[in-house]
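Here's the letter readout for the chains.
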Amino acid sequence: QQQVKQSPQSLIVQKGGIPIINCAYENTAFDYFPWYQQFPGKGPALLIAIRPDVSEKKEGRFTISFNKSAKQFSLHIMDSQPGDSATYFCAASRTDSWGKFQFGAGTQVVVTP
Amino acid sequence: DAGVTQSPTHLIKTRGQHVTLRCSPISGHKSVSWYQQVLGQGPQFIFQYYEKEERGRGNFPDRFSARQFPNYSSELNVNALLLGDSALYLCASSMGTGNQPQHFGDGTRLSIL
C-alpha cells in the first residue's frame, strides 16, 4: 500500500523551465514532508522540507507548496539547469513514527541545455 | 565533516548466503535507519535504531535484522538471501527521534546471483 503517491514518473524540461513534481498522501497524521534529490550511484540528498503549518517554503531555486486540505504537496525547481537532472523523491513521516519515512516512487527529471 | 559512510559499496552473493552491511553515522547523530531501494522505486523503510534499541521496523521478513553499537554505528544482516533481495541498501542518520532531517549514505549495492 503506497502511502505517498508521486507524479509524474518522468519529466523533460528545457534549461530555465520550471519542473513541477506533485505528491499526494492519505494519512493525516503525517507532519513532516521532505524532498530528496538522487543522482545515479549516490544516496538521496535532502533538498528541502516542510511542515503542515506552512503553505510554502523556498530554499534557493527550490520551492515546496503545501495544501493541507487537499493532502498534496509539490516541488518547483525555478530556473532549472542541466545539473538539476536527477531523480526526485518526496517523503512523509509522523512525529511518533520514530523517523520512518514513507517515500514516493520518484520522478526522473531531465533538463536539456 | 564526514557524511554517512557505508561499506562495502558493492557486494555479490548467491542465493541462500547471508550478508552483513555496515554504516557509520554522521558524528553526533544517534539515530540510524536502514532502507531498501529496488531499482526504479523509492526507498522502503526496514529498521530504525536509536540509542542501541530498535525503535521501528518496516514490513520485512525476519531474515532481516540489525543492531546498533555503542559508537552509534550499525549493521544490517540479511540471512537466506533471495534473488529479490537484490537492491541498494541505504543507511540514514539523524540527530534523534521523531521528524529529524535524515541524511543518507551512498548505499551498498547488493546483487544476488
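Going along each chain's sequence as written, the residues are numbered from 1 onward. All chains are assigned letters beginning with A, and all ligands numbers beginning with 1, in the order in which they are written. Whole-chain, interface and lining totals are the exception, using all residues; otherwise, since this is a predicted model, local features are given only for residues with pLDDT of at least 70 and side-chain atom pairs are given and counted only at 80 or more. Where side-chain values are given, they derive from all heavy atoms of the structure, hydrogens and water being excluded.

> What is the right way to look at the environment of Tyr 25 of chain A in this model?
Residue and element names in this part refer to chain A. Mapping Tyr 25 onto the fold places it in strand β3 (residues 20–25). Separated by 32 residues in sequence, Tyr 25 and Lys 57 have C-alpha atoms that sit 19 Å apart. In this view, Tyr 25 contacts Gln 3, Phe 30, Phe 33, Phe 66, Lys 68, Lys 71, Gln 72 and Phe 73; residues no more than four positions away in its chain are not counted. In this description a helix means any DSSP run of H or I spanning at least four residues, a strand means any run of E spanning at least two, and both kinds are numbered starting from the N terminus. Contacts are assigned to residue pairs that have any heavy atoms within 4.5 Å of one another.

> Would you explain the interface of chain B and chain A in this entry?
Listed per partner, the contact involves 24 residues of chain B and 21 residues of chain A. The term buried area denotes the loss of accessible surface (1.4 Å probe radius) that occurs when two parts are joined, taken as the sum for both partners. Surface buried jointly by chain B and chain A totals about 1700 Å² across both partners, of which 53% is contributed by carbon and sulfur atoms. Its largest share of buried area at the contact with chain A, chain B owes to Asn 99, Phe 104 and Asp 106 of chain B, together 33% of the area lost on that side. The salt bridge involving Asp 106 of chain B is made with Lys 42 of chain A; its shortest N-O contact spans 3.6 Å. Pairs of N or O atoms within 3.5 Å make up the polar contacts considered here, provided that, within protein, one atom can donate a hydrogen while the other can accept it, and that residues adjacent in sequence are counted only when both atoms are side-chain atoms. Seen at the junction of chain B and chain A, the total is four residue pairs in polar contact (both at pLDDT 80 or more). Looking at the side of chain B that touches chain A, the elements with two or more residues in it are β4 (31–37), β5 (44–50), β6 (53–57), β9 (87–94) and β10 (103–104) of chain B. Across the side of chain B that touches chain A, the residue classes break down as eight nonpolar, 13 polar and three charged. What counts as a salt bridge is simple: a side-chain nitrogen of Lys or Arg found within 4 Å of a carboxyl oxygen of Asp or Glu. Three classes are used, and their members are as follows: Ala, Val, Leu, Ile, Met, Phe, Trp, Tyr, Cys and Pro are nonpolar, Asp, Glu, Lys and Arg are charged, and the others, Gly among them, are polar.

> Is there a simple way to think about the nonpolar core in this case?
Soluble globular proteins tend to pack their nonpolar side chains together in the buried interior. Buried Ala, Val, Leu, Ile, Met, Phe, Trp, Tyr and Cys residues that are joined via side-chain atoms within 4.5 Å together make up what is termed a nonpolar core. The buried label goes to any residue with under 20% of its type's maximum accessible area, the exposed label to any with over 50%, and the partly exposed label to all in between, with areas taken from a 1.4 Å probe on protein chains only. Ile 21, Phe 33, Trp 35, Phe 73, Leu 75 and Tyr 88 of chain A are the most contacted members of the largest nonpolar core, which totals 24 residues. It is strand β9 (residues 86–92) of chain A that provides the largest number of residues to this core, a total of four residues. Contacts of Ile 21 of chain A, omitting those with residues within four sequence positions, involve Gln 6, Ser 7, Leu 11, Trp 35, Phe 73, Ser 74, Leu 75, Tyr 88, Thr 107 and Val 109 of chain A. With 21 residues, the next largest nonpolar core counts Val 19, Cys 23, Phe 60 and Leu 76 of chain B among its residues.

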